[in-house]
Amino acid sequence: TAFLVMVINERYVPAVIFLVLSVGTKYVPAIVVPVILVWYIRYRRDNGAGIRRIVIEMLLGAGLFAAVAGLIILPYLGAGRHLFTQLRYYAEFWRFNSPVIMALDYLFPGNVTAVRSVMLLVLLVILALFTDRTFPIQLLRLSILLLILFNGAVYPWYLLWLVPFLVFSRLR
């Protein structure tokens, strides 16, 4: 939520830091990165920024992201190369309450993790390209919903990931 507030207020350095801190605790916020990047490029172009300036800004943002992520990972460097092995096993083999993944597993046996990652990324970029140029709260909400659909294990409390977006919704 802090990331979204910072982006809406055009405070990009704190936004990147909050995004890294979020991704450092759980991978879910990483799903908004393609959507935000497409929006940012379009937003900056509409406000007269040249491609060179946008590329420099994005490289600086990526550098800040890498630096903060490096600081988060630093204490775990001594854990060895199998630090994320269990996370990979969970992503590949754990299935619970996920009909989309079960269908993909049937259609693409053995390649579900790669297929769902590519499908999710392509869907997000396509959706981002075909939205209006205002800040894409609805698109971010849809991104999280797609993540829930493409997740191998879907527990009821995962729907709570959508709650922060209620702050940005108008009551009707």
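Data block above holds the structure.
Residues numbered from 1 in each chain as written. Predicted model: local features only at pLDDT ≥ 70, side-chain atom pairs only at ≥ 80, totals over all residues. Heavy atoms only, no water.

Undergrad: It is not clear to me how the overall build of the chain should be interpreted in this structure. Could you clarify?
TA: Scanning the chain from N- to C-terminus turns up 8 helices and 0 strands. The helix and strand sequence of the chain, counted from the amino end, reads α-α-α-α-α-α-α-α. Of all 172 residues assigned to the chain, the portion counted as buried reaches 31%. The contacts of the chain with a sequence gap of at least 6 include a subset with a gap of at least 24, amounting to 64%. In the form shown here, the chain has an accessible surface area of approximately 11200 Å², with 71% of it arising from carbon and sulfur atoms. (Helix = DSSP H or I, 4+ residues; strand = E, 2+ residues; numbered from the N terminus. Buried < 20%, exposed > 50% of the residue type's maximum accessible area, 1.4 Å probe, protein only. Contact = heavy atoms within 4.5 Å. Areas by Shrake-Rupley, 256 points an atom, 1.4 Å probe, with all protein chains shown as cover.)

Undergrad: Help me understand the layout of surface pockets in this model?
TA: Rolled over the atoms, a probe as big as a water molecule pinpoints where empty space is left. Its volume calculated, the largest pocket comes out at about 540 Å³. In terms of lining, the largest pocket is formed by 18 residues, of which the most central are V16, E57, M58, G61 and A62. At the level of elements, α1 (2-8), α2 (12-25), α3 (33-46) and α4 (51-73) are the ones that each hand at least two residues to the lining of the largest pocket. Ranked by residue count, the leading element in the lining of the largest pocket is α4, at 7 residues. For the lining of the largest pocket, a count of residues per class yields 16 nonpolar, 1 polar and 1 charged. (1 Å grid on protein atoms, 1.4 Å probe; cavity = no way out; pocket = protein on both sides within 12 Å on 5 of 7 lines; lining within 4 Å. Points joined across faces, edges and corners; volume = space filled by probe spheres on them. Nonpolar A, V, L, I, M, F, W, Y, C, P; charged D, E, K, R; others polar.)

Undergrad: Which parts of the structure should I look at to understand unusual backbone geometry?
TA: The general pattern is negative phi for most residues beyond glycine and trans for most peptide bonds. One non-glycine residue, E10, lies in the positive phi region at around 55°. Note that E10 resides in the loop between α1 and α2.

Undergrad: Mind showing me how you'd approach the pattern of salt bridges here?
TA: Close approach of charged atoms allows side chains of opposite charge to pair. Within this structure, the stated rule accounts for 2 salt bridges. For the salt bridge of E57 with R44, the shortest nitrogen-to-oxygen distance reads 2.7 Å. Separated by 13 residues along the polypeptide, E57 in helix α4 and R44 in helix α3 bring together distant segments of the chain. Of the two residues, E57 and R44, both sit in the buried class. Residue E57 is joined to R53 by a salt bridge in which the shortest nitrogen-to-oxygen separation is 3.2 Å. (Salt bridge = Lys/Arg side-chain N within 4 Å of Asp/Glu carboxyl O.)

Undergrad: I tried to follow the side chain of R44 on my own but got confused; where do I start?
TA: Using a relative accessible area of 16% as the deciding quantity, one classes R44 as buried. Not counting the four nearest positions on each side in its chain, R44 is found in contact with A49, R53, I54 and E57.

Undergrad: It is not clear to me how the packing of α2 against α4 should be interpreted in this structure. Could you clarify?
TA: The description of two packed helices rests on the angle between their axes and on the distance between the axes. For the pair α2 and α4, the least separation of the axes is 9 Å and the interaxial angle reads 40°. The pairing of α2 with α4 is recorded here as oblique in orientation. Considering only the axes of α2 and α4, their crossing is right-handed. Along its contact with α2, which presents V13, V16, I17, L19, V20, L21 and G24, the element α4 presents G61, L64, F65, V68, A69 and I72. Counted by class, the contact of α2 with α4 contains 11 nonpolar, 2 polar and no charged residues. (Axes fitted to C-alpha atoms, helices over the stretch in contact; angles between N-to-C directions. Parallel < 35°, antiparallel > 145°, perpendicular 65-115°, else oblique. Left-handed = near helix turned anticlockwise from the far one by under 90°.)

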